[in-house]
Amino acid sequence: MLEHGGRLTQFAARYQRPESDWLDLSTGINPNGWLVPELPAAVWQRLPESDDDLLEAAQAYYQTDSLLAVPGSQAAIQQLPYLRDKSRVGILSPAYAEHAYCWQQAGHEVLSVNAEHVDLTTLDVLIAINPNNPTGQKYNKTQLLDWHQQLQQRQGWLIVDEAFIDSRPQNSLLAHGPLEGLIVLRSLGKFFGLAGLRLGFVSAPIAILEKLAQTLGPWPIAHASRYIATLALQDNTWQQQTCEQLKQSSLRLAMLLADYVLLPNGGCDLFQWVKTDKAEAVHHQLAEQGILTRLFNEPASLRFGLPGTEKYWQRLQAALEKL
């Protein structure tokens, strides 16, 4: 099992601090997510139905008709490797580790690729996270589409994981699809702060979506998750306000960290990434104060998510002062 952000129960036990007394900045999830209203009782008694309003709401939000709802983009990450014959897969690194792990588990050859020196002549699949997790590096659409075109000459795939892109929709490749060999992953967990729904979307040519749907089987997403997601995707006012709020909060976080000699090396509107040889020590010192960050070993670095309230901003600043 790979380690991810969260795991609050584990850290609470390790540091002998109750879960209620932690500020969890480890996940990059919007701490002020879309507020779920009280649900009608009937929602909990219904089986999922694929002809509800979810797909229409998603098509309007993502501005594409070529979509499949999946139980979190993680489900697609796990299943996509089984939809191709054994391939040579490049992953722009460092990256969310599940991509490499899942392709390796399916028997593919996986290589770490430097974005500055991408050689597609021997690759069948290229995976890019945009903006990258954990570094926040952003890839422009022109570059991504050029890579896609090169891969298509060999019937290859370009997979773009856009889990953190919602606040900058103009940077998404969704408007360019569906294109043969282009697969785009989206998630409701990060921007909407609805990780508990376990719901995401895949945009790809219909043949790939049909194969993926077959692997997931019937009823992969609970009716309650579909119901809530539909409402969130339709809430344009909240989405617009949240885009601006996240941009301001991310800038504030970058400036705060820089004030305490933790100058971010990258980031996006939902987190900041700090590369430092002292990453493990800083992670431990903050955890001792009940603040959980995401520690990475290669390279040694920390990812800081956004505090959700002014009280939490002040708590983070006070903890940084003690480093």
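So, here is what we can say about the structure in this document. Along each chain, residue indices are assigned from 1 in the same order as the chain's sequence is written. Since the coordinates come from a predicted model, pLDDT governs what is reported: local features require at least 70, and pairs of side-chain atoms require 80 or more to be given and counted, while whole-chain, interface and lining totals use all residues. Where side-chain values are given, they derive from all heavy atoms of the structure, hydrogens and water being excluded.

So, the environment of Leu 199
Quick note on the threshold: Strands here are runs of E lasting at least two residues and helices are runs of H or I lasting at least four, both read from the DSSP assignment and numbered beginning at the N terminus. We call two residues contacting when some pair of their heavy atoms lies within 4.5 Å.
Tracing the backbone through its elements, the reader meets Leu 199 in the loop between β7 (182-187) and β8 (200-203). When the C-alpha positions of Leu 199 and Arg 186 are compared, they lie 9.1 Å apart, and in sequence the two are 13 residues distant. Each residue touching Leu 199, except ones within four places of it in the same chain, is listed here: Leu 54, Val 70, Pro 71, Gly 72, Ser 187, Leu 188, Ile 221, Ser 225, Arg 226 and Ala 229.

Thoughts on the pattern of salt bridges
Test applied: A carboxyl oxygen of Asp or Glu within 4 Å of a side-chain nitrogen of Lys or Arg is what we treat as a salt bridge. Each residue's exposure class comes from its accessible area (1.4 Å probe, protein chains only) as a fraction of the maximum for that residue type: buried when under 20%, exposed when over 50%, partly exposed otherwise.
A complete count under the given rule lists 10 salt bridges for this structure. Salt-bridge contacts for Arg 46 lead to Glu 49; the nearest nitrogen and oxygen are separated by 2.9 Å. Since its relative accessible area comes to 44%, Arg 46 is described here as partly exposed. When its relative accessible area of 35% is taken as the criterion, Glu 49 is described as partly exposed. When the shortest N-O distance is used, the salt bridge between Lys 247 and Glu 244 registers 3.7 Å. Pair noted here: Lys 247 and Glu 244 are both in helix α8 (residues 236-259), with a separation of 3 residues, about one helical turn. For Glu 244, a relative accessible area of 42% translates into the label partly exposed. What emerges from the salt-bridge pattern is a single network uniting Glu 162, Asp 166 and Arg 186.

Examining the pairing of β8
On any regular strand, side chains alternate: one points to one face of the sheet, the next to the other face. This is how it is decided: If DSSP finds at least two bridges between two strands, the strands pair.
Residues Gly 200 and Val 202 point to one face of β8 and Phe 201 and Ser 203 to the other, with burial holding for every one of them. Bridge count for strand β2 (residues 68-70) against β8 is 3 bridges, and the pairing is antiparallel. Its bridge partner being in β8, Leu 68 is matched across the sheet by Val 202. Bridging between β7 and β8 involves 4 bridges; their strand directions are antiparallel. Bridge pairing links Ser 187 to Gly 200 in β8.

Digging into the sheet that holds strand β3 (residues 88-92)
Stated formally: Fitted lines through C-alpha atoms give the axes, limited to the stretch in contact for helices. The angle between two N-to-C directions lies from 0 to 180 degrees.
In spatial order, the strands read β2-β8-β7-β6-β5-β3-β4; together these 7 strands make up an open sheet with mixed pairing. Both edges of this open sheet fall to β2 and β4 (109-113), since each of them pairs with a single strand only. Direction aside, neighbouring strands of the sheet carry axes that sit 20° apart on average. The pairing of strand β6 (residues 157-161) with β7 spans 4 bridges and is classified as parallel. Looking across to β7, one finds that Leu 158 is bridged to Leu 182.

Quick word on the packing of aromatic side chains
Here is the rule we go by: Stacked, tilted and edge-to-face are the three classes assigned to paired rings of Phe, Tyr and Trp, where Trp is represented by its six-membered ring and a pair needs centres within 6.5 Å; plane angles under 30 degrees give stacked, over 60 edge-to-face, the rest tilted. In this scheme, Lys NZ or Arg CZ marks a charge over a ring once it lies within 6 Å of the ring centre and within 35 degrees of the ring normal.
For the structure shown, the criterion picks out 11 aromatic pairs. When the centroid spacing of 5.1 Å and the interplanar angle of 90° are considered together, the rings of Phe 191 and Phe 192 count as edge-to-face. Residue Phe 191 shares its accessibility class with Phe 192, and that shared class is buried. Site record: aromatic cluster; members linked through ring pairs are Tyr 61, Tyr 62, Phe 191, Phe 192, Phe 201 and Trp 238. Taking NZ or CZ as reference, Arg 252 lies 4.3 Å from the ring centre of Trp 313, over its face. Looking at Arg 303, its charged tip hangs above the ring of Phe 271, at a distance of 5.7 Å from the centre.

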